[in-house]
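Below are the chains, spelled out letter by letter.
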Amino acid sequence: MADRDGVIWSDGKIIPWREATTHVLTHTLHYGLGVFEGLRAYRTPRGPAIFRLQDHTDRLFNSAHIFMMRMPYDKDTLMQAQCDMVKQNKLDSCYIRPIAFYGSEAMGISATTLSVHMAIAAWPWGAYLGSEGLEKGIRVKTSSFSRHHVNVNMCRAKSVTTYANSILAHQEVAHDGYDEALLLDVDGYVAEGAGENIFIIKHGKLYTPDMTSCLEGITRASIIELAGEIGVPVIEKRITRDEVYCADEAFFTGTAAEVTPIRELDNRRIGNGERGPITARLQAMFFDCVSGKAEKHASWLTYV
Ligand code: PMP
(Lines give C-alpha, C1' and ligand atoms only; values in the text may rest on other atoms or scores of the structure.)
Protein backbone atom coordinates (compact mmCIF):
# COMPACT_ATOMS: atom_id res chain seq x y z
CA MET A 1 0.00 0.00 0.00
CA ALA A 2 2.87 2.39 0.74
CA ASP A 3 4.58 2.23 -2.64
CA ARG A 4 2.21 3.85 -5.09
CA ASP A 5 1.55 7.13 -6.84
CA GLY A 6 -0.96 9.65 -5.56
CA VAL A 7 -1.37 12.03 -2.65
CA ILE A 8 -2.40 11.73 0.98
CA TRP A 9 -3.82 14.40 3.26
CA SER A 10 -1.60 14.48 6.32
CA ASP A 11 -2.12 16.92 9.17
CA GLY A 12 -3.65 19.50 6.87
CA LYS A 13 -1.09 19.17 4.07
CA ILE A 14 -1.37 17.26 0.83
CA ILE A 15 1.79 15.24 0.37
CA PRO A 16 3.07 12.57 -2.05
CA TRP A 17 1.75 9.09 -1.19
CA ARG A 18 5.21 7.59 -0.54
CA GLU A 19 6.13 10.39 1.88
CA ALA A 20 3.15 9.82 4.20
CA THR A 21 5.23 8.06 6.86
CA THR A 22 5.31 8.29 10.63
CA HIS A 23 7.82 7.57 13.41
CA VAL A 24 8.20 4.02 14.77
CA LEU A 25 7.60 5.32 18.30
CA THR A 26 4.15 6.58 17.38
CA HIS A 27 2.01 5.87 20.44
CA THR A 28 -0.85 4.27 18.47
CA LEU A 29 1.54 1.71 16.96
CA HIS A 30 2.51 0.49 20.45
CA TYR A 31 -0.68 0.78 22.49
CA GLY A 32 -3.37 0.51 19.81
CA LEU A 33 -5.48 3.57 20.47
CA GLY A 34 -6.54 5.42 17.36
CA VAL A 35 -9.87 6.01 15.65
CA PHE A 36 -10.72 5.76 12.01
CA GLU A 37 -13.43 5.53 9.39
CA GLY A 38 -14.01 3.68 6.16
CA LEU A 39 -16.10 5.30 3.45
CA ARG A 40 -16.72 4.68 -0.20
CA ALA A 41 -17.10 7.03 -3.11
CA TYR A 42 -19.08 5.67 -6.04
CA ARG A 43 -19.21 6.53 -9.71
CA THR A 44 -22.45 8.35 -10.55
CA PRO A 45 -23.68 10.09 -13.70
CA ARG A 46 -22.78 13.40 -12.00
CA GLY A 47 -19.24 12.32 -11.09
CA PRO A 48 -17.89 10.61 -7.97
CA ALA A 49 -19.96 10.92 -4.80
CA ILE A 50 -19.12 9.90 -1.23
CA PHE A 51 -21.79 7.83 0.50
CA ARG A 52 -23.03 9.27 3.81
CA LEU A 53 -19.98 11.46 4.40
CA GLN A 54 -21.61 13.45 7.21
CA ASP A 55 -22.67 10.28 9.07
CA HIS A 56 -19.21 8.75 8.84
CA THR A 57 -17.65 12.00 10.00
CA ASP A 58 -20.06 12.19 12.92
CA ARG A 59 -19.15 8.61 13.87
CA LEU A 60 -15.44 9.46 13.69
CA PHE A 61 -16.00 12.28 16.17
CA ASN A 62 -18.07 10.02 18.42
CA SER A 63 -15.27 7.44 18.36
CA ALA A 64 -12.78 10.14 19.41
CA HIS A 65 -15.19 11.39 22.09
CA ILE A 66 -15.53 7.90 23.58
CA PHE A 67 -11.75 7.58 23.90
CA MET A 68 -11.32 11.22 24.98
CA MET A 69 -9.13 11.86 21.98
CA ARG A 70 -9.00 15.51 20.99
CA MET A 71 -9.76 15.98 17.30
CA PRO A 72 -7.36 18.55 15.85
CA TYR A 73 -9.60 19.50 12.88
CA ASP A 74 -13.27 20.31 12.60
CA LYS A 75 -15.80 18.26 10.67
CA ASP A 76 -16.04 20.63 7.71
CA THR A 77 -12.29 20.60 7.19
CA LEU A 78 -12.19 16.80 7.27
CA MET A 79 -15.18 16.42 4.96
CA GLN A 80 -13.61 18.79 2.45
CA ALA A 81 -10.27 16.96 2.76
CA GLN A 82 -12.00 13.63 1.98
CA CYS A 83 -13.57 15.11 -1.15
CA ASP A 84 -10.16 16.53 -2.11
CA MET A 85 -8.51 13.13 -1.79
CA VAL A 86 -11.00 11.57 -4.21
CA LYS A 87 -10.58 14.47 -6.62
CA GLN A 88 -6.83 14.89 -6.44
CA ASN A 89 -6.18 11.18 -6.83
CA LYS A 90 -8.51 11.27 -9.87
CA LEU A 91 -10.66 8.44 -8.55
CA ASP A 92 -14.18 7.87 -9.77
CA SER A 93 -14.89 5.16 -7.24
CA CYS A 94 -12.79 4.33 -4.22
CA TYR A 95 -12.46 3.54 -0.53
CA ILE A 96 -11.56 6.43 1.80
CA ARG A 97 -9.72 6.00 5.08
CA PRO A 98 -9.46 8.89 7.57
CA ILE A 99 -7.51 8.03 10.72
CA ALA A 100 -6.61 9.90 13.91
CA PHE A 101 -3.64 8.64 15.92
CA TYR A 102 -1.42 9.75 18.75
CA GLY A 103 2.06 11.17 18.20
CA SER A 104 5.45 9.94 19.36
CA GLU A 105 6.21 12.43 22.16
CA ALA A 106 6.20 9.83 24.94
CA MET A 107 5.86 6.14 25.76
CA GLY A 108 3.63 4.75 28.51
CA ILE A 109 -0.11 4.44 28.40
CA SER A 110 -0.99 7.99 29.35
CA ALA A 111 -2.18 9.67 26.17
CA THR A 112 -3.61 12.91 27.52
CA THR A 113 -0.61 15.11 26.68
CA LEU A 114 0.15 13.61 23.28
CA SER A 115 -0.43 15.29 19.96
CA VAL A 116 -3.15 13.87 17.73
CA HIS A 117 -2.37 13.44 14.05
CA MET A 118 -4.71 12.83 11.18
CA ALA A 119 -4.36 11.37 7.73
CA ILE A 120 -6.77 10.66 4.90
CA ALA A 121 -6.03 8.27 2.06
CA ALA A 122 -8.22 7.14 -0.83
CA TRP A 123 -7.64 4.27 -3.24
CA PRO A 124 -9.60 1.98 -5.56
CA TRP A 125 -10.99 -1.05 -3.72
CA GLY A 126 -13.30 -3.56 -5.39
CA ALA A 127 -15.79 -5.85 -3.68
CA TYR A 128 -14.28 -6.64 -0.25
CA LEU A 129 -15.73 -10.16 -0.10
CA GLY A 130 -15.41 -10.70 -3.87
CA SER A 131 -17.76 -9.86 -6.71
CA GLU A 132 -18.82 -13.51 -6.82
CA GLY A 133 -19.67 -13.20 -3.12
CA LEU A 134 -21.98 -10.25 -3.84
CA GLU A 135 -23.90 -12.40 -6.31
CA LYS A 136 -23.70 -15.93 -4.97
CA GLY A 137 -23.13 -15.39 -1.27
CA ILE A 138 -20.22 -16.31 0.98
CA ARG A 139 -19.35 -19.10 3.40
CA VAL A 140 -19.10 -17.96 7.00
CA LYS A 141 -17.91 -19.69 10.14
CA THR A 142 -18.51 -18.77 13.76
CA SER A 143 -15.21 -17.86 15.37
CA SER A 144 -14.07 -19.26 18.69
CA PHE A 145 -13.16 -15.67 19.64
CA SER A 146 -15.93 -13.57 21.19
CA ARG A 147 -16.68 -9.96 20.32
CA HIS A 148 -15.60 -7.53 23.03
CA HIS A 149 -17.49 -7.44 26.28
CA VAL A 150 -19.10 -4.01 26.54
CA ASN A 151 -16.81 -3.13 29.38
CA VAL A 152 -13.63 -4.33 27.71
CA ASN A 153 -13.82 -2.27 24.59
CA MET A 154 -16.31 0.25 23.33
CA CYS A 155 -18.13 -1.16 20.31
CA ARG A 156 -19.71 2.22 19.42
CA ALA A 157 -16.24 3.45 18.54
CA LYS A 158 -14.54 2.45 15.33
CA SER A 159 -11.14 2.19 16.91
CA VAL A 160 -7.86 0.62 15.88
CA THR A 161 -7.92 -1.57 18.97
CA THR A 162 -11.16 -3.35 17.99
CA TYR A 163 -9.56 -4.88 14.97
CA ALA A 164 -7.06 -7.18 16.66
CA ASN A 165 -10.16 -9.12 17.74
CA SER A 166 -11.46 -9.03 14.16
CA ILE A 167 -8.13 -10.23 12.79
CA LEU A 168 -8.01 -13.13 15.27
CA ALA A 169 -11.49 -14.20 14.21
CA HIS A 170 -10.94 -13.75 10.50
CA GLN A 171 -7.60 -15.51 10.32
CA GLU A 172 -8.98 -18.43 12.31
CA VAL A 173 -11.77 -19.10 9.81
CA ALA A 174 -9.87 -18.06 6.68
CA HIS A 175 -7.28 -20.67 7.61
CA ASP A 176 -10.02 -23.28 7.28
CA GLY A 177 -11.15 -21.91 3.91
CA TYR A 178 -14.15 -19.79 4.94
CA ASP A 179 -14.71 -16.31 3.53
CA GLU A 180 -15.53 -14.46 6.74
CA ALA A 181 -15.97 -14.91 10.48
CA LEU A 182 -19.07 -14.42 12.57
CA LEU A 183 -18.38 -13.29 16.13
CA LEU A 184 -20.68 -13.98 19.05
CA ASP A 185 -20.90 -11.73 22.08
CA VAL A 186 -19.66 -12.95 25.47
CA ASP A 187 -23.11 -14.37 26.22
CA GLY A 188 -23.05 -16.43 23.04
CA TYR A 189 -25.45 -14.33 20.96
CA VAL A 190 -24.69 -13.23 17.43
CA ALA A 191 -22.81 -9.91 17.39
CA GLU A 192 -21.40 -9.17 13.95
CA GLY A 193 -18.90 -10.18 11.29
CA ALA A 194 -15.21 -9.35 11.58
CA GLY A 195 -15.91 -6.15 9.64
CA GLU A 196 -19.65 -6.24 8.97
CA ASN A 197 -23.08 -6.13 10.59
CA ILE A 198 -25.34 -9.11 10.07
CA PHE A 199 -29.01 -9.44 9.09
CA ILE A 200 -31.22 -12.52 8.79
CA ILE A 201 -34.62 -12.88 7.16
CA LYS A 202 -37.28 -15.24 8.45
CA HIS A 203 -40.88 -15.38 7.19
CA GLY A 204 -40.51 -12.02 5.44
CA LYS A 205 -39.13 -10.17 8.49
CA LEU A 206 -35.65 -8.76 8.84
CA TYR A 207 -33.76 -9.35 12.09
CA THR A 208 -30.47 -7.86 13.21
CA PRO A 209 -28.68 -7.89 16.58
CA ASP A 210 -29.28 -4.87 18.78
CA MET A 211 -26.37 -2.49 19.22
CA THR A 212 -24.91 -3.95 22.43
CA SER A 213 -21.85 -5.61 20.95
CA CYS A 214 -21.53 -4.39 17.40
CA LEU A 215 -20.55 -1.29 15.52
CA GLU A 216 -23.40 1.08 14.69
CA GLY A 217 -22.98 0.43 11.00
CA ILE A 218 -23.96 3.11 8.53
CA THR A 219 -24.78 0.52 5.88
CA ARG A 220 -26.87 -1.23 8.55
CA ALA A 221 -28.82 1.98 9.16
CA SER A 222 -29.29 2.44 5.42
CA ILE A 223 -30.64 -1.10 4.99
CA ILE A 224 -33.04 -0.65 7.93
CA GLU A 225 -34.40 2.47 6.24
CA LEU A 226 -34.65 0.81 2.82
CA ALA A 227 -36.42 -2.24 4.27
CA GLY A 228 -38.98 0.08 5.84
CA GLU A 229 -39.65 1.63 2.44
CA ILE A 230 -40.61 -1.73 0.91
CA GLY A 231 -42.68 -2.80 3.91
CA VAL A 232 -40.26 -5.37 5.33
CA PRO A 233 -40.52 -5.21 9.15
CA VAL A 234 -37.17 -4.84 10.94
CA ILE A 235 -36.63 -6.27 14.42
CA GLU A 236 -33.49 -5.53 16.43
CA LYS A 237 -33.01 -8.26 19.03
CA ARG A 238 -30.69 -10.89 20.41
CA ILE A 239 -30.10 -13.60 17.81
CA THR A 240 -28.74 -17.09 18.37
CA ARG A 241 -26.54 -18.86 15.90
CA ASP A 242 -29.16 -21.55 15.29
CA GLU A 243 -31.59 -18.81 14.28
CA VAL A 244 -29.07 -17.96 11.57
CA TYR A 245 -28.81 -21.65 10.57
CA CYS A 246 -32.60 -21.80 10.13
CA ALA A 247 -33.04 -18.37 8.49
CA ASP A 248 -34.54 -18.07 5.02
CA GLU A 249 -31.82 -15.60 4.04
CA ALA A 250 -28.86 -13.86 5.65
CA PHE A 251 -26.47 -11.13 4.64
CA PHE A 252 -23.64 -8.95 5.88
CA THR A 253 -23.52 -5.17 5.53
CA GLY A 254 -20.57 -2.81 5.64
CA THR A 255 -18.91 -0.05 3.71
CA ALA A 256 -16.28 -2.45 2.38
CA ALA A 257 -18.56 -5.52 2.21
CA GLU A 258 -21.57 -3.49 0.93
CA VAL A 259 -24.49 -5.99 1.00
CA THR A 260 -23.05 -9.50 0.78
CA PRO A 261 -25.35 -12.53 1.00
CA ILE A 262 -24.35 -15.34 3.37
CA ARG A 263 -25.04 -18.71 1.83
CA GLU A 264 -23.65 -20.90 4.58
CA LEU A 265 -22.87 -20.64 8.30
CA ASP A 266 -20.87 -23.35 10.07
CA ASN A 267 -21.42 -25.70 7.10
CA ARG A 268 -25.22 -25.33 7.34
CA ARG A 269 -26.82 -24.06 4.14
CA ILE A 270 -28.95 -20.97 4.71
CA GLY A 271 -32.25 -21.01 2.82
CA ASN A 272 -31.58 -22.25 -0.70
CA GLY A 273 -27.87 -21.62 -0.36
CA GLU A 274 -27.98 -18.65 -2.68
CA ARG A 275 -28.79 -14.94 -2.60
CA GLY A 276 -32.40 -14.76 -1.42
CA PRO A 277 -35.10 -12.55 -2.98
CA ILE A 278 -35.34 -9.96 -0.16
CA THR A 279 -31.55 -9.76 0.05
CA ALA A 280 -31.41 -9.25 -3.73
CA ARG A 281 -34.01 -6.49 -3.56
CA LEU A 282 -32.31 -4.63 -0.71
CA GLN A 283 -28.93 -5.06 -2.35
CA ALA A 284 -30.27 -3.58 -5.61
CA MET A 285 -31.86 -0.67 -3.71
CA PHE A 286 -28.58 -0.07 -1.90
CA PHE A 287 -26.59 0.01 -5.15
CA ASP A 288 -29.16 2.39 -6.66
CA CYS A 289 -28.66 4.72 -3.71
CA VAL A 290 -24.87 4.73 -3.84
CA SER A 291 -24.76 5.20 -7.59
CA GLY A 292 -27.09 8.20 -7.60
CA LYS A 293 -30.12 6.44 -9.07
CA ALA A 294 -32.38 6.84 -6.03
CA GLU A 295 -33.74 10.38 -5.99
CA LYS A 296 -35.26 9.76 -2.58
CA HIS A 297 -31.83 9.28 -1.03
CA ALA A 298 -29.95 11.96 -2.94
CA SER A 299 -29.02 13.51 0.42
CA TRP A 300 -26.89 10.43 1.23
CA LEU A 301 -24.43 11.47 -1.48
CA THR A 302 -21.80 14.19 -1.39
CA TYR A 303 -20.46 14.99 -4.84
CA VAL A 304 -16.75 15.67 -4.70
N1 PMP B 1 -18.85 -3.88 12.16
C2 PMP B 1 -17.52 -3.78 12.06
C3 PMP B 1 -16.67 -4.42 13.08
C4 PMP B 1 -16.94 -3.06 11.00
O5 PMP B 1 -15.61 -2.96 10.89
C6 PMP B 1 -17.77 -2.45 10.05
C7 PMP B 1 -17.17 -1.66 8.92
N8 PMP B 1 -16.97 -0.33 9.28
C9 PMP B 1 -19.16 -2.59 10.19
C10 PMP B 1 -19.66 -3.31 11.26
C11 PMP B 1 -20.11 -1.95 9.23
O12 PMP B 1 -20.13 -0.55 9.39
P13 PMP B 1 -20.39 0.42 8.18
O14 PMP B 1 -21.60 -0.06 7.49
O15 PMP B 1 -20.58 1.75 8.81
O16 PMP B 1 -19.19 0.37 7.30
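Up top is the structure.
The following refers to the structure shown. (Residues numbered from 1 in each chain as written. Predicted model: local features only at pLDDT ≥ 70, side-chain atom pairs only at ≥ 80, totals over all residues. Heavy atoms only, no water.)

Considering the pairing of strand β10 (residues 190–193)
Note: strand β9 (residues 180–184) against β10, 3 bridges, orientation antiparallel. Directly across from L182, in β10, lies its bridge partner G193. Taking the residues between adjacent antiparallel strands as the criterion, β9 and β10 are bridged by 5 residues, where G188 takes a positive phi near 95°. (Pairing = 2+ DSSP bridges. Helix = DSSP H or I, 4+ residues; strand = E, 2+ residues; numbered from the N terminus.)

Thoughts on the state of the cysteines
Under the counting rule described, the total for this entry stands at 0 disulfides. A disulfide-free cysteine, C214 has its sulfur positioned 7.4 Å from the sulfur of C155, the nearest such atom. (Disulfide = S-S within 2.5 Å.)

Regarding the packing of aromatic side chains
Going through the model one piece at a time under the given rule, you end up with 10 aromatic pairs. With centroids separated by 5.7 Å and ring planes inclined at 90°, the aromatic side chains of F51 and W300 adopt a geometry described as edge-to-face. Taken as a pair, F51 in strand β5 (residues 49–51) and W300 in the loop between α8 (277–290) and β17 (301–303) lie far apart in primary sequence, 249 residues in all. The class of W300 is buried, set by a relative accessible area of 7%. Relative to Y128, the ring of W125 lies with its centre 5.6 Å away and its plane at 85°, an arrangement referred to as edge-to-face. Residue class for W125 comes out partly exposed when judged on its relative accessible area of 34%. Three or more aromatic residues joined by ring pairs make a cluster, and in this case those are F51, F286, F287 and W300. The ring of F61 is capped by K75, whose NZ or CZ atom sits 5.4 Å from the centre of that ring. One cation-aromatic arrangement involves R268 over Y245; the distance from NZ or CZ to the ring centre is 4.2 Å. (Phe/Tyr/Trp six-rings, centres within 6.5 Å; stacked < 30°, edge-to-face > 60°. Buried < 20%, exposed > 50% of the residue type's maximum accessible area, 1.4 Å probe, protein only. Lys NZ or Arg CZ within 6 Å of the ring centre and 35° of its normal.)

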